Amino acid sequence: MRYRPLPFLLAAILLWTPLGLEAQGVSSGRTFSPFGTAADRAIDPASLGVEAQVFLGTIQAIRDLGFASEPDSVLWEKALRGLIRELDDPYAAVLTPDQVRAFEEESTGNYAGIGVQITELNEVVTITAVFRNTPADRAGLHVGDRIVEVDGVDARSWTVSDASDRIRGEIGTGVEVTVERDGMSQPLPHFIEREEVHVPAVRADMLQGEIGYIHLDRVARGSAAEVDSVLAELDGSQGLILDLRGNPGGYLDESLNLADLFLERGSVLVTTRARSLRSDGEIQEESAYARRAARAGDQPIIVLVNRYSASASEIVAGALQDHDRAVVIGERTFGKGTVQSVVPLPADYMIRLTSGEWYTPLGRSLSIPRDREGRITGPDTVERFTSQAGRTLWGGGGVYPDVNIPPDTLTSLEQEFIQRTIEAEIPLQQRIQESAFTAAQAVRTDEVPERVPDEAFDELIEGLRTAGIGEQELGGEVQEYLHWRLEVTFFQRLDRLDREMLARSRRDPALARALELLNQSSTQTELFALVPAAERPDPPVVQAARDDEVIDEGR
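Note that the structure is a prediction, hence the values are computed from the model and not measured. (Residues numbered from 1 in each chain as written. Predicted model: local features only at pLDDT ≥ 70, side-chain atom pairs only at ≥ 80, totals over all residues. Heavy atoms only, no water.)

## Let's talk about the nonpolar core
Consideration 1: Counting 40 residues, the largest nonpolar core has Val227, Phe262 and Val303 as the members making the most contacts within it.
Consideration 2: Put simply, the parts of the chain that give this core at least two residues each are strand 12 (211–216), helix 8 (223–233), strand 13 (239–243), helix 9 (252–260), strand 14 (268–275), strand 16 (301–305) and helix 10 (312–322).
Consideration 3: Tallying contributions element by element places helix 10 first for this core, with six residues.
Consideration 4: Not counting chain neighbours up to four residues away, the residues in contact with Val227 comprise Val202, Ile214, Leu216, Leu258, Leu261 and Phe262. (Core = buried A, V, L, I, M, F, W, Y, C linked by side-chain atoms within 4.5 Å. Buried < 20%, exposed > 50% of the residue type's maximum accessible area, 1.4 Å probe, protein only. Helix = DSSP H or I, 4+ residues; strand = E, 2+ residues; numbered from the N terminus. Contact = heavy atoms within 4.5 Å.)

## Here's the deal with the sheet that holds strand 11 (residues 202–207)
Consideration 1: Strand order in the open sheet made by the six strands is 11-12-13-16-17-22, with mixed pairing throughout. In this open sheet, the two edge strands, each paired with only one partner strand, are strand 11 and strand 22 (403–404). (Pairing = 2+ DSSP bridges.)

## Structural notes on the pattern of salt bridges
Consideration 1: As enumerated under the stated definition, the model contains 36 salt bridges in all.
Consideration 2: In this structure, Asp253 and Arg221 form a salt bridge, with 2.9 Å as the shortest nitrogen-oxygen distance. Placement of the pair is Asp253 in helix 9 and Arg221 in the loop between strand 12 and helix 8, with a sequence separation of 32 residues.
Consideration 3: Since its relative accessible area comes to 32%, Arg221 is described here as partly exposed.
Consideration 4: In this structure, Arg420 and Glu473 form a salt bridge, with 3.0 Å as the shortest nitrogen-oxygen distance. Taken as a pair, Arg420 in helix 11 (residues 412–423) and Glu473 in the loop between helix 13 (454–466) and helix 14 (476–493) lie far apart in primary sequence, 53 residues in all.
Consideration 5: Classification of Glu473 by relative accessible area gives partly exposed; the value is 28%.
Consideration 6: The structure contains a network of salt bridges with shared partners spanning Arg146, Asp154, Arg156, Glu180 and Asp182. (Salt bridge = Lys/Arg side-chain N within 4 Å of Asp/Glu carboxyl O.)

## Description of the pairing of strand 21 (residues 392–395)
Consecutive residues of a regular strand have side chains that alternate between opposite faces of the sheet.
Consideration 1: Pairing analysis gives four bridges linking strand 20 (residues 383–386) to strand 21, with the strands arranged antiparallel. Bridge pairing in strand 21 places Phe385 opposite Leu393.
Consideration 2: Between strand 20 and strand 21, which pair antiparallel and follow one another directly, the connecting turn spans five residues, one of which, Gly390, has a positive phi of 90°.

## Section: the packing of aromatic side chains
Consideration 1: For the coordinates displayed, the defined rule picks out three aromatic pairs.
Consideration 2: Seen in terms of ring centroids, Phe55 and Trp76 are 6.0 Å apart; in terms of plane orientation they differ by 45°. Their pairing is tilted. Residue Phe55 is located in helix 3 (residues 50–65), and its partner Trp76 is located in helix 4 (residues 72–85); the two are separated by 21 residues in the primary sequence.
Consideration 3: Ring geometry for Phe490 against Phe491: centres 5.2 Å apart, planes inclined by 55°, an arrangement best described as tilted.
Consideration 4: The class of Phe490 is buried, set by a relative accessible area of 0%.
Consideration 5: Taking relative accessible area as the criterion, Phe491 reaches 1% and is therefore assigned buried. (Phe/Tyr/Trp six-rings, centres within 6.5 Å; stacked < 30°, edge-to-face > 60°.)

Quick look at the structure:
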C-alpha cells in the first residue's frame with residue numbers, strides 16, 4: 001500500500017527556464033553571499049535603505065546579544081528561509097548545493113556511478129538491472145549478483161542506501177565491487193571506473209501487436225530525442241498511447257520539443273507570460289511554435305494523465321488536446337501552470353522563484369492556486385473553450401480529460417489484507433519482488449511464459465502463511481490481487497513492457513479503455529467519434545488528491 005499525499009509532489013515539480021539560467025546573482029557589480037561572515041561586514045549600512053539597515057541591525061543584535069548564540073551562517077540562512085516562506089509562492093525555495101545536485105540528477109537522469117539498479121532481496125543488496133553500455137555492463141556484472149564487499153568493506157549488512165552512497169562517486173575514480181554469483185564458489189571482485197550514467201526517461205513497446213505505447217516518467221534533458229527514437233521503432237502502429245501519468249514535469253524547452261514531435265510546423269505550443277531580466281522585470285508574453293513537420297505520423301493518439309501529471313507534462317498534454325491531435329484519458333491533472341526561474345547564488349546555492357505563467361495554445365491557464373503545503377486555495381473557476389474541430393474543452397486549472405476515468409482502488413478485503421501485513425511487519429512489496437526475481441532468473445529469454453509460473457505464486461502464498469497470515473485473510477479475492485501484482489512485477493523483471501502493461505490493464509481502467517478505443521479506430525477523427533458525451537466531465541469537478549487517499553501500489 002502506498003500513500004501519495006499531495007505535498008510530496010512539490011519538490012519534483014519545476015520548470016527550468018532560460019530566464020533563470022541567465023541571471024548571475026550579481027547586484028551593483030558586487031556579489032553578496034548571505035552564508036558567510038565576510039560579505040555582510042563589507043557592506044556599508046549607510047548606503048542601504050532604512051529597511052535594509054533595520055534588517056542588518058536586527059541580525060547584528062541577535063548575533064551579539066542573543067542569549068542563544070548562533071553563528072552568522074545560521075542566522076543568515078534562517079533569515080533567507082523566512083523571507084522565502086513569506087513570499088506566498090508555493091514553489092519558491094533556496095536550494096543548497098546538495099539539493100541542486102539531487103534535482104539535476106533527478107531531472108536529467110544523469111549521475112556519476114557504474115550503471116546498476118540495486119534492490120534489497122532476501123536481506124542482501126542485489127543487482128536487479130545492469131544498464132547497457134555502462135561501466136558495470138562492460139565489467140561483466142550480472143543481474144542477480146549479490147554485493148558482498150565495496151572497496152574491501154563488508155557490505156552484507158548494508159542497506160540499499162549504504163551501497164549506493166559507497167558505489168557512487170566522482171567521474172574517473174574507481175571502485176571495487178565484489179559480488180557473489182550463483183554457480184561460483186568464490187566471490188568475484190570487479191574494479192570499475194565511474195562514469196556519467198544516463199537513466200532513460202522513456203519506456204516503449206508495441207502492445208497487442210499493433211498499438212504503440214510510450215511511457216515518459218519525467219521531462220528530462222534528452223527526453224524528446226528518446227521519444228523521437230522510439231517513434232521510429234513504433235512506425236506503422238495502428239495507434240499510439242503516450243502515458244504521462246505520474247510525470248512531475250521538468251524542463252520547459254524539452255516539453256516544447258516533445259510537443260513539436262506530434263504537431264505540424266507553425267502550431268502554437270505554449271504561451272508564457274513572465275518577467276525576465278532581459279525585459280527589466282516587465283511582464284512579457286511570448287509564444288513558442290512547432291518548428292518542423294510532425295514525426296508521429298497520422299495514426300490516432302491517446303494521452304493518459306492523472307492527478308500527478310504536472311508542469312511540463314501538462315504542456316504536452318494541453319498542446320495535443322488543443323490542436324485536436326489526441327484524446328486525453330484519465331483524471332484532471334495537477335495544475336502546475338507556473339514558470340520558475342532558477343537563479344545561481346554564491347557558494348553553489350540557487351534560488352527558485354515563480355516568474356510567470358504559461359497557457360495552452362487556446363489560451364487556457366492550467367494553474368491551480370495552492371499554498372506551500374500543496375492544498376488548493378480558493379474555488380474553481382471554469383471556462384469553456386472550443387477547439388478547431390468543434391470539441392468542447394475546459395480551462396481553469398489542470399488539463400481536463402476528454403474521457404474521465406478515475407484510477408482503480410483497493411477493495412475492502414484487499415485493504416484489510418494489506419493492513420494485516422503491516423501489523424505483522426511483513427514487507428509485502430519486497431516479498432513480491434523476491435518471488436518475481438527468482439522466477440525471472442529461471443526463465444530463458446527465448447521462452448518467456450505468457451503468465452507468471454504457478455510455483456512462484458505458490459511460494460509467495462506459502463511464505464505469507466508461514467509469516468502468520470491466516471487462510472481467511474488469503475481468500476480468493478486477495479489471492480487474485482496478489483497474483484496480479486506478482487505477474488506485473490515478474491514481467492518487469494524480464495524487461496517485457498508489452499506483457500507488463502497487458503497485465504496492468506486488468507486493473508488499469510484508463511489503459512484498458514485506451515486499448516479498446518485504439519483497436520476500433522484508424523484515424524483521429526474516428527477516435528473522436530468513439531468518445532461519447534457521457535464520458536466527458538461536464539461540468540468538470542476538482543479531483544485533487546487528499547493526504548489520506550490510498551492509491552494501488554501497482555501503478
